[in-house]
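Working through the structure, step by step
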Protein chains: 10
Amino acid sequence: MITMSKSREEEVHLLGNQNVEYKMDYDPAILEAFENRHQGRDYFVKFNCPEFTSLCPKTGQPDFATIYISYIPGEKMVESKSLKLYLFSFRNHGDFHEDCMNTIMDDLIKLMGPRYIEVWGKFTPRGGISIDPYVNYGQPGTKYEKMAEHRMMNHDMYPETIDHR
Amino acid sequence: MITMSKSREEEVHLLGNQNVEYKMDYDPAILEAFENRHQGRDYFVKFNCPEFTSLCPKTGQPDFATIYISYIPGEKMVESKSLKLYLFSFRNHGDFHEDCMNTIMDDLIKLMGPRYIEVWGKFTPRGGISIDPYVNYGQPGTKYEKMAEHRMMNHDMYPETIDHR
Amino acid sequence: MITMSKSREEEVHLLGNQNVEYKMDYDPAILEAFENRHQGRDYFVKFNCPEFTSLCPKTGQPDFATIYISYIPGEKMVESKSLKLYLFSFRNHGDFHEDCMNTIMDDLIKLMGPRYIEVWGKFTPRGGISIDPYVNYGQPGTKYEKMAEHRMMNHDMYPETIDHR
Amino acid sequence: MITMSKSREEEVHLLGNQNVEYKMDYDPAILEAFENRHQGRDYFVKFNCPEFTSLCPKTGQPDFATIYISYIPGEKMVESKSLKLYLFSFRNHGDFHEDCMNTIMDDLIKLMGPRYIEVWGKFTPRGGISIDPYVNYGQPGTKYEKMAEHRMMNHDMYPETIDHR
Amino acid sequence: MITMSKSREEEVHLLGNQNVEYKMDYDPAILEAFENRHQGRDYFVKFNCPEFTSLCPKTGQPDFATIYISYIPGEKMVESKSLKLYLFSFRNHGDFHEDCMNTIMDDLIKLMGPRYIEVWGKFTPRGGISIDPYVNYGQPGTKYEKMAEHRMMNHDMYPETIDHR
Amino acid sequence: MITMSKSREEEVHLLGNQNVEYKMDYDPAILEAFENRHQGRDYFVKFNCPEFTSLCPKTGQPDFATIYISYIPGEKMVESKSLKLYLFSFRNHGDFHEDCMNTIMDDLIKLMGPRYIEVWGKFTPRGGISIDPYVNYGQPGTKYEKMAEHRMMNHDMYPETIDHR
Amino acid sequence: MITMSKSREEEVHLLGNQNVEYKMDYDPAILEAFENRHQGRDYFVKFNCPEFTSLCPKTGQPDFATIYISYIPGEKMVESKSLKLYLFSFRNHGDFHEDCMNTIMDDLIKLMGPRYIEVWGKFTPRGGISIDPYVNYGQPGTKYEKMAEHRMMNHDMYPETIDHR
Amino acid sequence: MITMSKSREEEVHLLGNQNVEYKMDYDPAILEAFENRHQGRDYFVKFNCPEFTSLCPKTGQPDFATIYISYIPGEKMVESKSLKLYLFSFRNHGDFHEDCMNTIMDDLIKLMGPRYIEVWGKFTPRGGISIDPYVNYGQPGTKYEKMAEHRMMNHDMYPETIDHR
Amino acid sequence: MITMSKSREEEVHLLGNQNVEYKMDYDPAILEAFENRHQGRDYFVKFNCPEFTSLCPKTGQPDFATIYISYIPGEKMVESKSLKLYLFSFRNHGDFHEDCMNTIMDDLIKLMGPRYIEVWGKFTPRGGISIDPYVNYGQPGTKYEKMAEHRMMNHDMYPETIDHR
Amino acid sequence: MITMSKSREEEVHLLGNQNVEYKMDYDPAILEAFENRHQGRDYFVKFNCPEFTSLCPKTGQPDFATIYISYIPGEKMVESKSLKLYLFSFRNHGDFHEDCMNTIMDDLIKLMGPRYIEVWGKFTPRGGISIDPYVNYGQPGTKYEKMAEHRMMNHDMYPETIDHR
Ligand SMILES: [Ca+2]
Ligand SMILES: [Ca+2]
Ligand SMILES: [Ca+2]
Ligand SMILES: [Ca+2]
Ligand SMILES: [Ca+2]
Ligand SMILES: [Ca+2]
Ligand SMILES: [Ca+2]
Ligand SMILES: [Ca+2]
Ligand SMILES: [Ca+2]
Ligand SMILES: [Ca+2]
Ligand SMILES: [Ca+2]
Ligand SMILES: [Ca+2]
Ligand SMILES: [Ca+2]
Ligand SMILES: [Ca+2]
Ligand SMILES: [Ca+2]
Ligand SMILES: [Ca+2]
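All figures in this text were calculated on a predicted structure; none of them were measured in a lab.

How each quantity is defined
Residues numbered from 1 in each chain as written. Chains lettered and ligands numbered in written order. Predicted model: local features only at pLDDT ≥ 70, side-chain atom pairs only at ≥ 80, totals over all residues. Heavy atoms only, no water. Donors = N, O, S within 2.8 Å, 3.2 Å for Na, K, Ca; no water. Helix = DSSP H or I, 4+ residues; strand = E, 2+ residues; numbered from the N terminus. Buried < 20%, exposed > 50% of the residue type's maximum accessible area, 1.4 Å probe, protein only. Least-squares fit on C-alpha atoms with pLDDT ≥ 70 in both. Contact = heavy atoms within 4.5 Å. Core = buried A, V, L, I, M, F, W, Y, C linked by side-chain atoms within 4.5 Å. UniProt positions renumbered as here; feature names shortened; annotations may be inferred. Salt bridge = Lys/Arg side-chain N within 4 Å of Asp/Glu carboxyl O. Polar contact = N/O pair within 3.5 Å; in protein donor to acceptor, adjacent residues only side chain to side chain. Nonpolar A, V, L, I, M, F, W, Y, C, P; charged D, E, K, R; others polar. Buried area = accessible area lost by both parts, 1.4 Å probe. Pairing = 2+ DSSP bridges. Axes fitted to C-alpha atoms, helices over the stretch in contact; angles between N-to-C directions. Left-handed = near helix turned anticlockwise from the far one by under 90°.

This brings us to the coordination of the calcium ion (ligand 6). Taken together, the protein donors to the calcium ion (ligand 6) comprise Asp163 of chain E (OD) and Asp163 of chain F (OD), at separations of 2.1 to 2.4 Å. Separating the calcium ion (ligand 6) from the calcium ion (ligand 7) is a distance of 5.2 Å, and Asp163 of chain E supplies a donor atom to each of them. Linking Asp163 of chain E in the segment after α3 (143-153) with Asp163 of chain F in the segment after α3 (143-153), this pair reaches from one chain into another. Under the relative-accessibility criterion, Asp163 of chain F is labelled partly exposed at 33%.

What follows is the structure, given as structure tokens:
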């Protein structure tokens, strides 16, 4: 017999719903939010997303990346299945590496108003170079804004060893 | 011939006791504490728990995670075998990832009143995304509260490389 | 000053040609071949292709795999840029894991008539399981047919450690 | 627009069907098969299953393993979602390590009559020792029976380095 | 509710029995066997034992090793908890590396009469050199004797990289 | 159908332009810049460049390095294909390790006036020693100058393990 | 011909002395110190000790750990061979994980009065959980006391990935 | 005082000779051989060459590879410094991946007439695919010819995991 | 044609000079310096030196270490080939681990007067323990002195995992 | 109380004998043998020796290697401490890589007359290339001679990935 917490069930529509439509053009309207049950506490949620792919806007050839999204929720949280579908919507969309990362963070800020959020993309190489953009954000006028600045200042001082093999 | 320290023997009931019952529904009453013998000193104890499993409250399918629990004990410490049984009690319990982590930390705070504690869950992927919630806590009004804030601000700036293989 | 071997230049049209069209539906006609310059010798060429993606024919959700293609050429060899475009053409195509691998091998056999070929796909997980199909082929009636049987019999006796993280 | 191969759609009931029931007692009837579309060719399919858990029949404590299942299909193949649910049905079932592996292989042989199959479980440690059973099978009277004997004779001559950390 | 297979319960005395005595001098009488339930089939069971320690018979200083024991059972199998206690009995016993490995294999052959067995010890270094003995055995006059010879001939052709750090 | 952002298309000439000339003598004029679309935000872009090679100015023998370039853009950003060609122009150029790193950073500062930039080269060994120069820069008189000092002070406190194999 | 520094020779009795006695009960009197030759400078010495083993005081079963000891010496330093023998004396001694770490640090503080010291034990798992205690110390009333507090506050924010295999 | 074997000194001109000329166009005349001192025995010599670079004959862009050369010497052996200079001579030479490997092997066969030789190149990726050619050779009419066939038949059945990062 | 920067050529005598003498007794006079061309900027140079060996002053047995030397140059820099020969001069020299590290740093400070320098040795084990000394230095009365203190305070909080294999 | 096997004590003189002399010129007379106690059985003993160093006979500069020695003993076995001293005697000896390996194997064959033996050296790089010689031997006229040939034919078909970092 399974015991379950019921409170999130009405809010979230996608989880456990088979008839979803996989949209292949960029569409931020796919994102869904639900209420953060632990608003009295700061905590992190990280999404590891190794299946991101978009198209190069100049050549049309596919780009691939692993994206790491970490945030401290405010009142709302992003539902994970809707995030999956949202990221999937970049599949046939053309945009540059750093623009994708900025767009994803902007859409998530608009959706849930997080206290803090960061998005890091690590792309596969083209022509012997791979590119890894990193963006972050803290609510303006709060300690989270300082947190964003602090993490930007200390970002990636130990770059992972890359040899493209 | 084995020489042993005897002082903890009366307090702890589970270690070396074969007739334990494995409860399969969430039950915080399983947790047992004993007295910290080194209260004059701050020190860390970390539990590595790669065998955590619970159920998705929407679909009923099993979730798997490795959980890292680190704390600086106050007057009491959690007995490790009772912790094992407690974590086992999530086996047939349905709850979301971030709710499990918050619940575990809340139960351990209630049990032992630690100076500082943090709980980090790293789940296996569903639909191409894996989720890693992180919560922490320091005794309000003490330096440990600042410590919690400091560690939250600097949390996971080097996300491990994840490719779901 | 760059010294170059000229003999392959007329045969191959794609390499160094910018105006390629990225087709997003499966199309084996994209594949191009050129003549093997070392036909008097058996040798292997392996392609490592970590950017393969197709769609699940039932749910429409994207699948991702790394594909390893190894072959001993006969009279013809597959041009690598055309191979890239061919694999790209699965991007919006729906097919099951093992069917993709069989299709890729069949198309390459038809294109170049290799002495020996094998195709191994390693997919990212869905629902806690990942699937890795492996197919191979040797020219019927030759020692390469026996080679295929030998390699099938000894295939993957040391499966790589997989934990989906 | 997505192009799909249609032929397997009627046979398989589970994939893309949300209303599945997660059974928590061992039940081989969960397994579903579909027809192998490439019966004229030997090929391998491997399932990586890092989320297997059962119970110790003596102590009732949970066991955890990663299971690797590899087979060469005959006329039928096991549907992967039904395999997931089947493995899940061991969750509250008590059986010894090597018995679980034998049972899983026997059930899959009965379901699909594979040409060749092997099952390798790698369990987490108890009391300083971890246990890894390996079973295999080839159709009696065929070359696959010899293949099974050959692979047993050469099994795991390079045991992976294990330190239980 | 837990479903269990009952047949092994009477045979095995140690598992789930708390009042075991940890003997610290070498004692092969600790080993217990139970009946192999799958005698109609060849299969492997491997024990990974990273907690082996004995004493140097000349200097008295402790030696440490990881031991890998793999075997194909005949009529009997070694009970894993008794194996743990048996290995523990080397703790204050003095013997050379290669003698320990030969002794362990001899004791297990005497206990269970396996079809095939091998024991590989990998010791920590002393004075800049580490030593790894490997012994194996197949029932004389059977195919398993040939199997032992085959595996000895092909043993460890890819020695793991060792730098003592 | 591919949807694309158009705004950068006119600025960048190299991407998608086949008729580039690979210059083999150091030439900073190759570098091209385009406008940063997200000037209201600090963010990092990192280039992983494992294919850097130059010549030793004393012996003429080739040197090889992996170079990591990370920067926070100001008004301009370096176009990645022009960066590739620029780095390629060191191929037949003779300069010492640390001079190469200083030159690359100086050229990129002159090109785009970044808020912050750092360049780290990790060279292959000669005569049993490998050399890794690291340089950084922040706009004088801004917080980025302090950032550079902060990152220099905390640089590489965990040197990667190197054994030249 | 070997040139040597002679000054430490009289102080240290164990190094190069074969007739040492390996005591198997905990005995801090084994520890020997010698004078720090570089007292005008702060520097670290770290001991990596992967061969630590003690006994569980409740069950008598052996525990295994790797211990990392790091310190900034004051006037005295611990002689490494005596440290080896001291750690060996826990072999047949029963004590809990965190008590062992506290005892080791206390004994080393008493022996040499270090400016700063820390001891980190990483134990092998029991019942699916492994435990890693960490203790540290700085001379009271000095900057090293603050250093200890600083390092405790920032301890282990990137727990190593543990899967007990 | 250094004791040395003198016999090879007259034959080899490059080792310890500073005034070498680094030729940047392909030139097999650079290769030097010396006499094999152990002709009564088969043994392998492997060269690991991670610093190979050539040019793409179509685009002129640089290619990079790690090359592994293994051989059983006959009467002659290749001098390692001359091999280094020879490989360096591909630096500004344009040739396809598989042609480079065939050329290198042919030149070494002509130089030293080895009993057996193999050359394996592993290139960095272009456009999401990396290519690894493998060639081998055994003296015709000898057991080494069969050896070459045997190794070709069993070549690379465990392709290394490649993700181009 | 090779283009080279000429300015360092007169200063450095060792690079490209074959007639060097390998001294086998410790000799700091081997070290050579040249002028730092980038004195207006702080930057790091790191030397990875995995081939360090000296002798134990008590037993005469050889010690082996990897040494990491990192520094911010002032007016002078150490020439890398002279550093190689200097480190080689410890080959038959007897000194304790921590004394070697202090000596190396002292000699380099005397040679070049760096702004900041640190030396970290990681030795292979003896008797089950390995030892890693770390020393650093900043110019007294400058910010680099504070930098040294800061880096000492934060030194090695994540000790690498060591198991001596 | 330590229980020990006594039989080897009289034969071996070095183990536990402090007054050994470390010879620094090549001297095979250092090697000592003792009787194999398990002559009725084939088994392997492997020595991992990561601390080998010799001198280049042309330039006098030090060479470093990890050596792997594996053998099946006949009537005699090499005593490990004498092996350590023997390998140490190459420290100031000049010889080429492949000559060292042949010499070591020849000396061990002469010492103990093994049934089978192999020696594999893996050297650190010079000038961008590292060299790994491999030699083996089986008693002429026995199955071990065939074993040597078999292992030579199948040697190192999966060369370890080398990048000299
Ligand atoms: Ca890599
Ligand atoms: Ca992974
Ligand atoms: Ca893992
Ligand atoms: Ca993994
Ligand atoms: Ca491990
Ligand atoms: Ca290493
Ligand atoms: Ca190692
Ligand atoms: Ca390395
Ligand atoms: Ca692990
Ligand atoms: Ca592991
Ligand atoms: Ca990967
Ligand atoms: Ca990789
Ligand atoms: Ca380990
Ligand atoms: Ca290690
Ligand atoms: Ca690498
Ligand atoms: Ca490497």
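Structure's up, so let's keep going.
Moving on: the coordination of the calcium ion (ligand 8). Protein ligation of the calcium ion (ligand 8) involves Asp163 of chain F (OD), Arg165 of chain F (O) and Arg165 of chain J (O), the donor distances falling in the range 2.3 to 3.2 Å. A gap of 5.4 Å separates the calcium ion (ligand 8) and the calcium ion (ligand 6), which Asp163 of chain F links by coordinating each metal. Placement of the pair is Arg165 of chain F in the segment after α3 and Arg165 of chain J in the segment after α3 (143-153), with the two residues belonging to separate chains. Classification of Arg165 of chain F as buried rests on a relative accessible area of 15%.

Superposition record for chain B on chain A: RMSD 0.0 Å, screw rotation 72 degrees, translation along axis 0.0 Å. On the angle and the small slide along the axis, the relation comes out as a five-fold axis. In terms of proximity to the rotation axis, the leading residue of chain B is Tyr158 of chain B, whose C-alpha is 7.0 Å off the axis. Comparing interface residues between copies, only 14% of those in chain B also sit at the interface in chain A, which points to a heterologous contact through distinct surfaces.

Looking at the secondary structure, you find Ser54 of chain C in strand β3 (residues 43-55). Contact partners of Ser54 of chain C, with chain neighbours within four places excluded, come to Arg91 of chain A together with Gln61, Pro62, Asp63, Phe90, Arg91, His93, Asp95 and Cys100 of chain C.

Moving on, we come to the relation of the copies chain F and chain H. For these two chains of identical sequence, chain F goes onto chain H by a turn of 180 degrees and a shift of 0.0 Å along the axis, with RMSD 0.0 Å. Expressed as an axis order, the relation between the two copies is that of a two-fold axis. The overlap is high: 100% of the interface residues of chain F also sit at the interface in chain H, so the same surface is used on both sides.

What follows is about the nonpolar core. Core analysis: the biggest nonpolar cluster contains 185 residues, and Ile104 of chain C, Ile104 of chain D, Ile104 of chain E, Ile104 of chain H together with Ile104 of chain J have the highest contact counts within it. Not counting residues within four places of it along the chain, the set of residues in contact with Ile104 of chain E comprises Phe52, Ile67, Ile69, Tyr86, Leu87, Phe90 and Val119 of chain E. By size, the runner-up hydrophobic cluster in this structure holds 183 residues, among which are Val45 and Leu83 of chain B together with Phe90 and Ile129 of chain G.

Further remarks concern the UniProt feature "binding site: substrate" (unreviewed entry) in chain A. Mapped onto this numbering, the UniProt entry annotates "binding site: substrate" (unreviewed entry) at Val78, Glu79, Ser80, His97 and Glu98 of chain A. Spanning 21 residues, the annotated positions stay apart in the fold, the maximum distance between their C-alpha atoms being 24.2 Å. Tracing the chain through its elements places Ser80 of chain A in helix α1 (residues 80-88). If sequence neighbours within four positions are ignored, Ser80 of chain A has contacts with Phe47 of chain A together with Ile129 and Ile131 of chain B. In this structure, Glu98 of chain A sits in helix α2 (residues 97-112).

Residues and elements named next belong to chain B. The final tally for this structure, using the stated rule, is 120 salt bridges over all chains. Lys143 is paired through a salt bridge with Asp42; the nearest N and O atoms lie 3.9 Å apart. One end of the pair, Lys143, is in helix α3 (residues 143-153); the other, Asp42, is in the loop between β2 (33-35) and β3 (43-55), with 101 residues separating them in the sequence. Classification of Lys143 as partly exposed rests on a relative accessible area of 41%. Under the relative-accessibility criterion, Asp42 is labelled buried at 18%.

Looking now at the interface of chain F and chain H. Contacts between the two partners involve 20 residues from chain F and, on the opposite side, 20 residues from chain H. Here chain F and chain H share 2 salt bridges between them. Between Arg126 of chain H and Glu51 of chain F there is a salt bridge, with its nearest N and O atoms 2.7 Å apart. Remark: the boundary between chain F and chain H carries 9 residue pairs in polar contact (both at pLDDT 80 or more). Among the elements of the structure, β3 (43-55), β4 (62-72) and α1 (80-88) of chain F are those that each provide at least two residues to the side of chain F that touches chain H. The leading source of residues in the side of chain F that touches chain H is β3 of chain F, at 5 residues. For the side of chain F that touches chain H, a count of residues per class yields 6 nonpolar, 9 polar and 5 charged.

The next subject is helix α1 (residues 80-88) of chain J. Each turn of an α-helix holds 3.6 residues, which means side chains three or four residues apart point in the same direction. Counting buried positions over the 9 residues of α1 of chain J gives 8, a clear majority of the element. Residues of α1 of chain J that are buried include every one of Lys81, Ser82, Leu83, Lys84, Leu85, Tyr86, Leu87 and Phe88 of chain J, and no others. Along its buried surface, α1 of chain J packs onto β3 (43-55) and β4 (62-72) of chain I together with β3 (43-55), β4 (62-72), β5 (76-78) and α2 (97-112) of chain J. Taking the backbone nitrogen of Lys81 of chain J as reference, a side-chain oxygen 3.0 Å away marks Glu79 of chain J as the first, capping residue of α1 of chain J.

Residue and element names in this part refer to chain A. According to UniProt, the positions carrying the feature "active site" (unreviewed entry) are Cys56 and Asp63. Relative to the elements of secondary structure, Cys56 occurs in the loop between β3 (43-55) and β4 (62-72). Given a relative accessible area of 8%, Cys56 falls into the buried group. Its location among the elements puts Asp63 in strand β4. Taking the relative accessible area as the measure of exposure, Asp63 reaches 6% and is therefore buried. Not counting residues within four places of it along the chain, the set of residues in contact with Asp63 comprises Phe52, Thr53, Ser54, Leu55, Cys56, His97, Phe123 and Arg126.

Listed per partner, the contact involves 42 residues of chain B and 44 residues of chain A. Here chain B and chain A share an interface that buries about 3700 Å² over both sides, 54% of which is from carbon and sulfur atoms. It is Lys58, Met157 and Tyr158 of chain B in chain B that bury the most area against chain A; as a group they hold 16% of the surface buried on that side. Linking Asp156 of chain B and Lys46 of chain A is a salt bridge whose minimum nitrogen-to-oxygen distance equals 3.0 Å. On inspection of chain B and its partner chain A, the count reaches 17 residue pairs in polar contact (both at pLDDT 80 or more). Those elements that place two or more of their residues in the side of chain B that touches chain A are β6 (93-94), α2 (97-112), β8 (130-138) and α3 of chain B. Here the side of chain B that touches chain A takes 7 residues from β8 of chain B, the largest share from any one element. Tallied by class, residues from the side of chain B that touches chain A come to 17 nonpolar, 14 polar and 11 charged. Summarising the sheet, β3 of chain A and β8 of chain B pair through 6 bridges and their orientation is antiparallel.

For the rest of this paragraph, the subject is the pairing of β4 of chain A. Residue and element names in this part refer to chain A. Most of β4 is tucked away: 11 of the 11 residues are buried. Side-chain alternation along β4 places Pro62, Phe64, Thr66, Tyr68, Ser70 and Ile72 on one buried face and Asp63, Ala65, Ile67, Ile69 and Tyr71 on a second face that is also buried. Both β3 and β4 contribute to a ladder of 9 bridges, which runs antiparallel. Across the sheet, residue Leu55 finds its bridge partner in β4, namely Pro62. Counted along the chain from β3 to the antiparallel partner β4, the turn is 6 residues long, and its residue Gly60 has a positive phi close to 80 degrees. Here 8 bridges tie β4 to strand β7 (residues 116-123), and the two strands are oriented antiparallel to one another. Paired with Ser70 across the bridge in β7 is Glu118.

Attention now goes to the packing of helix α1 (residues 80-88) of chain H against helix α2 (residues 97-112) of chain H. Residue and element names in this part refer to chain H. Orientation of α1 relative to α2, taken along the N-to-C sense of each, is 145 degrees, at an axis distance of 12 Å. In this structure, α1 meets α2 at a crossing whose hand is right-handed. For the pair α1 and α2, contact is made by Leu83, Tyr86 and Leu87 and by Thr103, Ile104, Asp107 and Leu108, respectively. When grouped by side-chain class, the residues that make up the contact of α1 with α2 number 5 nonpolar, 1 polar and 1 charged.

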